[in-house]
Amino acid sequence: MTTDTPKMRALGVSVYYGSKRAVADVSIDISREHVTAFIGPSGCGKSTFLRSFNRMNDTIAGARVEGRIELDGEDIHSSSMDVVQLRARVGMVFQKPNPFPKSIYENVAYGPRIHGLAAGRTELEEIVERSLKRAGLWEEVKDRLAESGTALSGGQQQRLCIARAVAVDPEVILMDEPASALDPIATARIEELIHELRGRYAIVIVTHNMQQAARVSQRTAFFHLGELVEYGKTSEIFTNPTVPRTKDYITGRYG
Ligand code: ADP
Ligand code: MG
């Protein structure tokens, strides 16, 4: 597959909560090599739309998704798509760090174990170490892997959640405001990590922080009232948006 074929693709996607439409007929291609940011005012449907990429809306009572979503050209709603497998291929990191109330080691080992990715204990240990290294956490935790994941600082917990996502060898990582609960230093560490992970995984990040979108992404999609208003190169969206609604938002006129 060439680098310019989209990793994921949404075609005419709408998401409803009951009769209320939260995402309205959105089509977008997600690049495999760039970081894509979803921006827009609170309530515009960013999280709802993001959740449709790994069918997390299936878990929300009353939510209904219309339209087509593809992963490497394959329909993620088709009957041949195993949703557990899909969520390993398209991992997710949430706003609030949510490690399991288990050891640091177990937090990372759990996914590879249930997906049968390790032939034995040594291999599992290797996956845990590699994932924690990739998430920039190994040096801080290598001597206390048996301690509880919930005892870590907020920033460390979020990097543990990234290690957990990475451990099952995903192709795409969805991040929903991954740094919004963190202090500036922990936030900078997450942003640095996004740079390091770029290229290895297709990354989509939701953020209401425009400076963050400008720093971490190469593609930006601006949403308003459930609609995709404008999508393009981050540098152009922030310096030369073509739609007045985008311009009003990035110049701080609302949101
Ligand atoms: P954003 O992430 O951009 O802040 P959301 O995707 O969370 O926006 O929400 C989009 C719209 O859908 C909002 O009007 C919100 O109130 C509504 N919404 C979100 N989650 C639910 C839910 N579980 N049930 C009903 N409405 C919801
Ligand atoms: Mg949200």
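Since this is a predicted model, take the numbers as computed values, not measurements.

Calculation criteria
- Residues numbered from 1 in each chain as written.
- Chains lettered and ligands numbered in written order.
- Predicted model: local features only at pLDDT ≥ 70, side-chain atom pairs only at ≥ 80, totals over all residues.
- Heavy atoms only, no water.
- Helix = DSSP H or I, 4+ residues; strand = E, 2+ residues; numbered from the N terminus.
- Expected span 1.5 Å × (residues − 1).
- Buried < 20%, exposed > 50% of the residue type's maximum accessible area, 1.4 Å probe, protein only.
- Contact = heavy atoms within 4.5 Å.
- Pairing = 2+ DSSP bridges.
- Near = heavy atom within 4 Å.
- Polar contact = N/O pair within 3.5 Å; in protein donor to acceptor, adjacent residues only side chain to side chain.
- Areas by Shrake-Rupley, 256 points an atom, 1.4 Å probe, with all protein chains shown as cover.
- Axes fitted to C-alpha atoms, helices over the stretch in contact; angles between N-to-C directions.
- Parallel < 35°, antiparallel > 145°, perpendicular 65-115°, else oblique.
- Left-handed = near helix turned anticlockwise from the far one by under 90°.

A. Layout of helix α6 (residues 154–167). Compared with an ideal rise of 1.5 Å per residue, which puts 14 residues at 20 Å, α6 spans 20 Å between its outermost C-alpha atoms and is within 8% of the ideal. With 13 of its 14 residues buried, α6 lies for the most part within the structure. Looking one or two residues past α6, Asp 169 carries a phi angle of roughly 60°, positive in sign.

B. Quick look at the environment of Gly 18. Tracing the backbone through its elements, the reader meets Gly 18 in the loop between β1 (8–17) and β2 (20–30). When neighbours within four sequence positions are excluded, Gly 18 is seen to be in contact with Gly 62 and Arg 64.

C. Molecular detail of the sheet that holds strand β5 (residues 74–75). In space, the four strands of this open sheet follow the order β2-β1-β4-β5, with antiparallel pairing throughout. Every other strand in the sheet has two partners, leaving β2 and β5 as the edge strands with one partner each. When strand β4 (residues 63–71) meets β5, the two strands line up antiparallel, connected through two bridges. Its bridge partner being in β5, Glu 70 is matched across the sheet by Asp 75.

D. Quick look at the site of ligand 1. As a structural note, the neighbourhood of ligand 1 is formed by Tyr 17, Lys 20, Ala 22, Pro 41, Ser 42, Gly 43, Cys 44, Gly 45, Lys 46, Ser 47, Thr 48 and Ile 60. Here an oxygen atom of ligand 1 sits 2.7 Å away from a polar atom, N or O, in the main chain of Gly 43. Here an oxygen atom of ligand 1 sits 3.1 Å away from a polar atom, N or O, in the main chain of Gly 45. Here ligand 1, which alone exposes 560 Å², has 64% of that area covered by the protein.

E. Examining the packing of α6 against helix α7 (residues 184–197) more closely. α7 packs onto α6 with a crossing angle of 20° between their chain directions and a minimal axis gap of 9 Å. Classified by the angle between their axes, α6 and α7 sit roughly parallel to one another. Note that α6 runs across α7; the crossing there is right-handed. Here Gly 155, Gln 158, Arg 159 and Ile 162 of α6 lie close against α7, whose contacting residues are Ala 186, Arg 189, Ile 190, Leu 193 and Leu 197.

Everything listed here is a matter of geometry and, on its own, says nothing about what the molecule does.
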